[in-house]
Every structure is written in C-alpha cells, then in structure tokens.
2 protein chains.
Amino acid sequence: MTNRVDIKRTAQILLGRDDILLLCHKNPDGDTLGSAAALCHGLISLGKRCAVCCHNTIPEKYDHLRIPVYDGSFPVRYTVSVDVAGENLLGDSLSCYAGKIDLCVDHHASNSRYAQNLCLYSDRPAAAQIIYELLKEMQVEITPFIADCIYTGLITDTGCFRYSSTTPETLETGARLMRLGADHKGLVEKFFMSKSRKSVQLEQYALNNLEYYFDGKFAFLPLTSQALETIQPLPTDIDGLSSMARDFEGVQVSVLAKQTGENRYKISVRTGEEADACRIAAAFGGGGHLRAAGCEICGDMEYVRQSIIKEVERSLCR
Amino acid sequence: MTNRVDIKRTAQILLGRDDILLLCHKNPDGDTLGSAAALCHGLISLGKRCAVCCHNTIPEKYDHLRIPVYDGSFPVRYTVSVDVAGENLLGDSLSCYAGKIDLCVDHHASNSRYAQNLCLYSDRPAAAQIIYELLKEMQVEITPFIADCIYTGLITDTGCFRYSSTTPETLETGARLMRLGADHKGLVEKFFMSKSRKSVQLEQYALNNLEYYFDGKFAFLPLTSQALETIQPLPTDIDGLSSMARDFEGVQVSVLAKQTGENRYKISVRTGEEADACRIAAAFGGGGHLRAAGCEICGDMEYVRQSIIKEVERSLCR
C-alpha cells in the first residue's frame, strides 16, 4: 500500500536519508530530467551522495543539466522515482527496481501508486514545480544552475506556459526561478526557438502532402520511407510532426502514418474536443490518452489510408 | 518638447481629464488593441467618456476586446496614443492628430517623442504591462473582462512569455491577471493554437519560397501581390509569418517583404543575437525594437532584395 506524503513530509524523509538513487522515466523529457537533476544537485549540496539513472542515454540536448549518472560508486540505500507515472515506464534496464521504489515524486493523475511513499500533486503542470517547493522546504540554496534545471522541467512540460495546465502558481514559480538566475532566454531558445533544418524540411513536406477529409476535420499525413530517406531526420526532428495539424483551424483529428517497413506503418493520432484518439488507435490494437494515441498497421499505404479514414469517420460521428 | 511622465503622474493626468480619445497604431496587433481596450474600459468604469480610434478596421480576432470605436458622439478633449512609437504609425486617416497628441503610453525604445507627455517604459515587453500598472494606480477595478484585454496584449507581444523580453515582472503580471480572471486557456488557444486555413497556406508558401543567404544566417521571404491574390489572407493571417524563420536553427535575420503596391514593399525584420533589427530597418527610414523592426521600401522586388541583402550583410559583420 502506498503512503501519501505531502511536500513537508517528503522533505523530512529525504533529509533523513543518504546514498540516494533517482530514477527517470524512459524516453526521457525535460521534466523528468530537469526534476531529477535539480533534486540530485540539491541533495548533493546538502552533503549527501546521490545520482540519477535512466533507461536511455540522456540526449545531448540536456547536457546543460550536468546530470550525475549513477556509476556504482556508492551503495544505493534509498530509491526515488521522479515524474514516473508507472513502473512500466522505467524501461527494461530499470525493471529490476519494480516493487522496490521507496518514494515517488510525481504530477500525473494516472500514477499507479507503486512506490512506498507517494508525493503526488496532479494540479502541478510539471514535476519540476513540485521539486522547486521540495528544495525550498529542504532549505537547499537554489543556485542559478539549479534554477536552470527546474526551469527546464517547468517550460518543457508547459510549452513555455502555453498549455492549459498552466496556473498562476506556475507563472509565479517561473518568475522566482528567473529572479534566482534561471536563463529564460537561453533555455527558451534551446527548447522552443531553434527548429532544426531537418524538422523544417519535414514541415515543408507535411504542408505539401497533407490530405484533408470530412470538410477538413481530418488531416492525414503519409510519411513514406522514400521521404524519410530523402530528408534523413533524427527521431527528435519528427517529434512535433504528429500534432502539427491538430492546431489548424477546424481540424479535429490529425494522423501521421510513418512508414517503418515494407508494409508497416507507425500511426500517431492527435485529436481535438470532438474525437477520442485512444478509441481510434485502439481499433488497431494500440492505445494512449484521450488526445494523443498510437498504433501500428500492417499493409500498403492505400490500405492504411482507407482503414484510418473509416475509423476516423466512425469516431467523428459518435 | 516632450515631457517624460511616470506611471503615477500619468494616472493623475488621466484622472483629471475627460472626453478622451485613444489612438492605436495602424495594422493593429494584440498589444495596441488590448492596451487601448483595457485603458478605455477602465476610464469608462471611472465615469469618463472614452473611445478608441484606429486607421484600420479592427480585425474580428479581437472582437472579444469589445472596443468602443469612436463615433463622434462626444467632443474629444484629450488624445492619448497607446503603443504607437511614431506619429507616422498612426496611418493616413489619423494623420490629422499628428502634433496634437497630449499623451503617449508606450514601450518602444525607439519612440520618437512626439507627444506632449510621454509615459515610456522600454523595459516592459508589452504596452499592456504598463497599462496594468496604470489601471492599478488609478484604482480601476480590474474585472475578468479587463484582465482579458490586458492579457491579450501581454501574451501577443511576448509570444506567450517566450520572447527574451519577458521579465520576472511579466510572469508576475501574467499570474495576477490569471488570478483576476483572465482566460489563459481561451486566449492562448485563440492566439497561439488555432492557425487559420489561410495562415497555413501562407506557411506552406513561405517554406516553398524562402531564400537563404550567408550560410543560412539570413532568410528572406518575398511575398508578392500575386501570392497574396491567390491566397487572399486577412492581415491577421500574416502576423506570424515575419518571425517564422527566425526560429530556424542558424537563422540570425529573417525578413518578410510584403508587396503593398506596384513598386512598394512593407518590410518586417526579425533578428537573433547577432544582428540588430532596428538598425537594419532604420537604414530604410523605419524603426522598432532590437529584435523586431519594420520599414517600407519603394522599388521592384529585385531592388528590395538586393538592398536588404546588402544591409543585412553589413549588420552581420558588425
């Protein structure tokens, strides 16, 4: 049984522990990494031994967080997951920690309550906002560098304060971090204002190849192996592509069909208010959230197109 | 000679006046309109007669500001320009006010000091941030509706807190406005998350027609009358186009040259760290900010292209 703890109690617990390992979720984003980095540097500044583990290699983009990756140099005596909604999200190489996590700090309402102690605030748009409060509670000195780590989590999980999850407290936390020295300009530029050449090329391809159906309510983008070979994008270049058309006026369903083999397509579904992405993906054996889901379909492009069109039509008629 | 006044003095002046006309700049954006709307509604709430004038028809997108457009129903006894850096920016139909403006509230460092009294804070990223302080100083009750007007100016002029001009005070003002009832979700969706069909078409045109110079540091987009006739965009559809390429990796200067007549082009300049937009625009008699400026050039497209290339080269070599 999970024991719910508030920020004050979480601070007390952490202050009483040492040799702490922090775990991030797989396919890590700015929030899990920024939060873990801030907490790790904070605990180290209090004289503790602490390091971070993640299933994946940490992408270069996050080098500025200077994450101390766990190298076995101390025996782990306390394990804390950060921004990890379920143990299955730790990834294969960290699956050995399943059932053994002492504390989880998270903001996902869907948290599966796997840790012994759970510090969960689902009204915070980023785990980093909780980490900020936790560090303050532990009286960690928030240096400009630690402020940068927290700010990274805060802006990446809120689209730099754009998402509807943003609250007045989020903006106030942002203001405080800026005052503490967070590099607003540099971090925003890094995460929101420097589209790679490849992702610009992909956007151009997308705009020239988008297909609209059902009075423009459905936007379908076929991304063939041929196009991928021509453009040669990194996986991170493709990140924004699936949700691009959802922000177009009138579009309720946006689907990206990315060819991954001779007759194999990875499908990303994004929806607005009028359709359920998870339901569309589930029709093909996939799953996900209400507004973002995915699946795989085997067959040629025309089969994929027609299958999806049929399912989207059903979804829009509900 | 212009008389510089602070917010406190500006509040006193306005409190002592009545029958006030507020002037916006031509080709109005969210900041000039949101600021004028907030100030107008605030002054009306204090029992004064007040209305707004703009050279252009106010775009539908701003209907939520419910701007009381001046209809001649009261004799104007005090004239205030809002977010207008120079009298030439009032537009032809308001040129009769040149030399007769009693007060200017602005945040452009390049303000040409044309008004009798000037309330200028160039460290504020939006005129709306000044208007918020001014309304507070005048003890206007900031209703959720007035908060929406101010928030419109604040987010449109800061890219929803993304631009480097954003300060801790900007985020704090945003937080306060949200607490006062500003509709963060609705306004962000309206201005940043619902691209019109026409603006998507313009983006496609842009990606297919962008010209790169100086190792990709300069991106030039010619937008001809012919393209405009084909696409038929509203002025608001073109808003985002000028800064689009600035967010591309490596681009330091992004210029949009929009044809406005047979041999006439409206130039929008956007820059990164390495170049001064205002300096480039100033070379053609224009002006603006360090990162965003504009001017007009007469001549054919090839003349415009070559003139700008020369000036950008100079700017990048500085």
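Residues numbered from 1 in each chain as written. Chains lettered and ligands numbered in written order. Predicted model: local features only at pLDDT ≥ 70, side-chain atom pairs only at ≥ 80, totals over all residues. Heavy atoms only, no water.

Trainee: Where do I start with the overall build of chain A in this structure?
Mentor: What chain A contains, in helices and strands, is 12 helices and 12 strands. On C-alpha atoms alone, chain A measures out to a radius of gyration of 21 Å, which is about the 20 Å that the 2.2 N^0.38 rule sets for 318 residues. Oriented by its inertia axes, the alpha-carbon framework of chain A measures out at about 60 × 40 × 35 Å. In chain A, which comprises 318 residues, the share counted as buried stands at 56%. Taking the contacts inside chain A whose residues are at least 6 apart along the sequence as the reference set, 65% of them involve residues at least 24 apart. Accessible area of chain A: about 13800 Å², with a carbon and sulfur share of 46%. With 34 positive and 40 negative side-chain charges, chain A shows a separation of 3 Å between the mean positions of the two kinds. (Helix = DSSP H or I, 4+ residues; strand = E, 2+ residues; numbered from the N terminus. Rg over C-alpha atoms; globule rule 2.2 N^0.38 Å. Buried < 20%, exposed > 50% of the residue type's maximum accessible area, 1.4 Å probe, protein only. Contact = heavy atoms within 4.5 Å. Areas by Shrake-Rupley, 256 points an atom, 1.4 Å probe, with all protein chains shown as cover. Lys, Arg positive; Asp, Glu negative; His and termini not counted. Charge placed at Lys NZ, Arg CZ, Asp CG, Glu CD.)

Trainee: What exactly am I supposed to notice about the sheet that holds strand E3 (residues 50-53) of chain B here?
Mentor: Residues and elements named next belong to chain B. Here 6 strands make up an open sheet; going across it, the order is E1-E6-E5-E4-E2-E3 and the pairing parallel. Two strands bound the open sheet, and with one partner strand each, they are strand E1 (3-4) and E3. The sheet contact formed by strand E5 (residues 103-106) and strand E6 (residues 117-120) spans 4 bridges and is parallel. Of the residues in E6, the one forming a bridge with valine 105 is cysteine 119. Strands strand E4 (78-82), E5 and E6 of the sheet are contacted by helix H3 (residues 127-137), whose axis makes an angle of about 120° with E5. (Pairing = 2+ DSSP bridges. Axes fitted to C-alpha atoms, helices over the stretch in contact; angles between N-to-C directions.)

Trainee: Can you walk me through the environment of Glu249(B) in this structure?
Mentor: Tracing the backbone through its elements, the reader meets Glu249(B) in the loop between helix H10 (241-244) and strand E9 (253-261). The spatial distance from the C-alpha of Glu249(B) to the C-alpha of Gly216(B) is 8.8 Å, given a sequence separation of 33 residues. In this structure Glu249(B) touches Ser194(A), Lys195(A), Ser196(A) and Arg197(A), once residues within four positions along its chain are discounted.

Trainee: Just to check I follow, could you spell out the pairing of strand E10 (residues 264-271) of chain B for this structure?
Mentor: If a strand is regular, its side chains alternate between the two faces of the sheet. Residue and element names in this part refer to chain B. Of all 8 residues that make up E10, 6 are buried, and the element is covered over most of its length. In terms of strand pairing, E9 meets E10 through 8 bridges, oriented antiparallel. Bridge pairing in E10 places valine 253 opposite threonine 271. Where E9 folds back onto E10 in an antiparallel hairpin, the turn is made up of 2 residues. Of the pairings in the sheet, the one linking E10 to strand E12 (residues 292-298) comprises 7 bridges and is antiparallel in character. Opposite arginine 270, over in E12, you have alanine 292 as the bridge partner.

Trainee: What is the right way to look at the relation of the copies chain A and chain B in this model?
Mentor: Each of the two copies of the chain can be brought onto the other by a rotation about an axis and a shift along it. Mapping chain A onto chain B calls for a rotation angle of 180° and an axial translation of 0.5 Å; the resulting RMSD is 2.9 Å. Each copy turns onto its partner about a two-fold axis. A share of 100% of interface residues in chain A that are also interface residues in chain B marks the association as one of identical surfaces. (Least-squares fit on C-alpha atoms with pLDDT ≥ 70 in both.)

Trainee: It is not clear to me how the interface of chain A and chain B should be interpreted in this structure. Could you clarify?
Mentor: It is common to give the size of an interface as the accessible area lost on bringing the parts into contact. Taken together, the contact between chain A and chain B spans 37 residues of the former and 39 residues of the latter. Carbon and sulfur atoms supply 56% of the area buried between chain A and chain B, which totals about 3700 Å² over both sides. For the interface between chain A and chain B, the tally reads 5 salt bridges. Its salt-bridge partner being Glu273(B), residue Lys185(A) comes within 2.8 Å of it at the nearest N-O pair. For the interface between chain A and chain B, the tally reads 26 residue pairs in polar contact (both at pLDDT 80 or more). Counting only elements with at least two residues in the side of chain A that touches chain B, the list comes to helix H5 (168-179), helix H6 (184-192) and helix H7 (197-209) of chain A. Looking at the side of chain A that touches chain B element by element, the count peaks at 8 residues for H5(A). (Buried area = accessible area lost by both parts, 1.4 Å probe. Salt bridge = Lys/Arg side-chain N within 4 Å of Asp/Glu carboxyl O. Polar contact = N/O pair within 3.5 Å; in protein donor to acceptor, adjacent residues only side chain to side chain.)

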